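Architecture at a glance
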Amino acid sequence: MHYFTLTRLLPLALLAVSAHTAATKYTPPSQRGVPGSTSVSMPNVTTDARMIADTAGVVDQKSGVGLSVPPNQPVANTSVTAVDGQVLANGTSTTAGSMSSRAVERVGKRGGYSQVFAGTGMRNTDRDASVDGTAYLTYTLVSNATYDVDACFAFCDRVPGCVFVNLYYEFNNPLLDFVFTERSNLKCAAYGDVHYAIEKTNFGGQQLEAPPAPQVYIQHSSGWAVSAVEIAVAHVPDGYELVFGPTDGANNAPGYMGFAFIDKYDVSACAALCNARDPDEMGGACQYFNIWRALVDGIPTTYTCAFYYLVADESTAVNYGQGNLRVTWSCGYKRTSFALDGGFESYACNGTNFCFAASSATWIGSSPYGGSLDASIFHYAPYARSGSSVGLLGSASGVDTLSGTLSPQAALKTVAGKKYVVTFFANTLYAGCEAEKEACMEVVWNGSPVRRVELECRDWTYYQTVVVASGKDMLALRGGSAPAWIFIDDVRVFKL
């Protein structure tokens with residue numbers, strides 16, 4: 001049996017009284033106090049369509065088959081050719097993350113091939129040129145016993161993303177005649193975009209052997225496109241959802257973060273770039289991208305990835321081009337958050353604009369033994385960063401100084417072994433800087449703290465931490481100690 005004397009109880013009572021006094025010097029959130037800041041007013045930053053168009057006018061993404069490159073090379077990873085108006089120099093283009101040729105999937109269906117342009121013939125005096133165009137993939141050599149278009153089509157069918165081939169003879173290249181095992185000079189070049197006769201600009205003229213050896217020349221260069229080329233909207237990058245497309249309008253939307261040009265139409269490449277984009281100071285992580293193809297004077301020129309921290313939709317896809325630039329193949333994709341209702345918006349009042357509770361349909365607020373509402377959810381727009389609801393750490397009524405925990409009602413539908421980023425915004429201005437200076441919290445993953453954040457006294461501030469999933473993971477945000485209250489909003493868990 002345990003006995004408590006007055007001497008032992010007195011210090012505990014004094015501690016409880018002092019904690020209560022410290023917290024109740026301020027109007028607690030439960031009594032609709034005036035917050036130290038208001039909901040965030042996002043800057044009105046919309047898509048810089050002019051910069052994108054100007055950059056498209058100077059970038060050069062055209063390429064074709066090199067004279068000394070062996071046939072049947074794997075398709076190169078997608079590369080970035082410009083970022084936020086700065087064109088990357090040749091040889092310094094940056095490969096975006098783990099992108100590969102498998103991501104270049106945009107052929108909806110194949111109904112055979114149609115001729116786009118014909119060659120000039122095979123007479124001794126006939127001369128022609130091969131294509132230098134965007135989205136070059138790879139090439140093969142087919143038998144030159146005949147002008148074997150069918151073998152070229154079969155090659156395109158095997159190359160991921162191929163929708164167009166340029167078939168031509170290349171003469172006076174000793175590598176074709178004596179080195180490469182095919183012993184053929186009939187080249188079949190595969191592209192991820194359709195090209196036209198005006199793009200036949202490689203006429204040869206290279207001197208590969210010392211004079212008097214003749215120079216390289218091209219004959220009978222024809223172009224063939226997959227019939228009924230379509231954007232495969234069924235291809236959605238891992239961790240994303242299709243919002244709209246394809247259309248001929250690009251987004252002109254708020255929350256714009258910048259853009260990148262890539263060297264082929266590669267949805268997964270845009271997704272990787274969005275994932276890797278530095279967060280915006282006010283808006284946080286990239287949550288949405290718009291990919292589209294730019295035609296300049298009708299010629300494929302570049303492929304744009306425009307990034308946003310706010311999710312857009314087709315209603316703002318109203319940029320159809322400027323001057324000689326036309327938008328085509330525009331699709332919008334948003335990142336999937338594995339933390340459902342990260343803005344706490346499922347919690348609302350019945351007939352009033354102010355209410356609070358320990359839990360909602362999607363979140364649980366829990367208090368340690370002896371605590372009261374040390375984690376809670378409020379419906380009150382002045383407390384929220386966005387929308388009308390928000391989470392709170394620290395006793396809502398200010399009756400104790402214990403830390404509370406907010407966690408989703410259900411385990412996250414994560415995949416074991418994959419990396420995710422936990423993002424959220426926190427505000428610690430409610431009680432003023434003197435009271436809030438010690439505010440701190442932890443991000444807890446499957447019961448273990450993975451990051452401690454010394455919040456101090458700040459308006460809405462973005463935080464993120466990377467975690468590795470075990471599958472069906474449990475997330476928790478733990479902290480607060482009244483009067484160092486911590487408001488939490490816009491919690492997201494994105495796959496990397």
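Residues numbered from 1 in each chain as written. Predicted model: local features only at pLDDT ≥ 70, side-chain atom pairs only at ≥ 80, totals over all residues. Heavy atoms only, no water.

1. Things to note about the pattern of salt bridges
The final tally for this structure, using the stated rule, is 16 salt bridges. Between Asp126 and Arg123 there is a salt bridge, and its shortest N-O distance comes to 3.2 Å. Residue classification places Asp126 among the buried positions, given a relative accessible area of 8%. One salt bridge in this structure joins Asp263 and Lys264, with 3.6 Å as the shortest N-O distance. Residues joined by salt bridges that share partners form a network here, namely Arg385, Asp490 and Arg492. (Salt bridge = Lys/Arg side-chain N within 4 Å of Asp/Glu carboxyl O. Buried < 20%, exposed > 50% of the residue type's maximum accessible area, 1.4 Å probe, protein only.)

2. Some thoughts on the confidence of the model for the protein
Note: predicted coordinates in regions of low pLDDT should not be interpreted at a detailed level. This prediction gives the protein a mean pLDDT of 90; 88% of its residues lie at or above 70. Counting interchain partners and residues more than four positions distant, the pLDDT-below-50 stretch residues 1–24 has 11 contacts. In this model residues 97–109 is a low-confidence stretch, pLDDT under 50, and it forms 42 contacts with partners more than four residues away in sequence or in other chains. (pLDDT = per-residue confidence, 0-100. Contact = heavy atoms within 4.5 Å.)

3. Remarks on the state of the cysteines
A full pass over the atoms with the stated rule returns 6 disulfides. Between the sulfur atoms of Cys156 and its disulfide partner Cys162 the distance amounts to 2.0 Å. Looking along the S-S bond of the Cys156-Cys162 disulfide, the torsion reads about -105 degrees, which is the left-handed sense. This pair shows no difference in class: Cys156 is buried, exactly as Cys162 is. A disulfide bridge connects Cys274 with Cys286, and the sulfur atoms are separated by 2.0 Å. A torsion of -105 degrees about the S-S bond marks the disulfide between Cys274 and Cys286 as left-handed. With Cys274 in helix α5 (residues 267–276) and Cys286 in the loop between α5 and β13 (288–296), the pair connects residues that are 12 residues apart, well separated along the chain. The two residues Cys274 and Cys286 agree in class, both being buried. Taken N- to C-terminal, the disulfide-bonded cysteines of the protein are connected 1-4, 2-3, 5-8, 6-7, 9-10, 11-12. (Disulfide = S-S within 2.5 Å. Helix = DSSP H or I, 4+ residues; strand = E, 2+ residues; numbered from the N terminus.)

4. Describing the side chain of Gln61
Locating Gln61 in the fold gives a position in the loop between α2 (49–56) and β1 (79–83). A polar contact is formed between the side chain of Gln61 and the side chain of Thr81, at a distance of 2.6 Å. Within the structure, the side chain of Gln61 is placed 3.1 Å from the backbone oxygen of Ile262, a separation counted as a polar contact. Those residues in contact with Gln61 that lie beyond four places of it in its chain are Thr81, Gly133, Thr134, Phe261, Ile262, Asp263, Thr301, Thr302 and Tyr303. (Polar contact = N/O pair within 3.5 Å; in protein donor to acceptor, adjacent residues only side chain to side chain.)

5. Considerations on the side chain of Thr78
Tracing the backbone through its elements, the reader meets Thr78 in the loop between α2 and β1. A polar contact of 3.4 Å, which involves the side chain of Thr78, links it to the side chain of Lys264. Of note is the side chain of Thr78, whose polar atom sits 2.4 Å from the side chain of Asp266.

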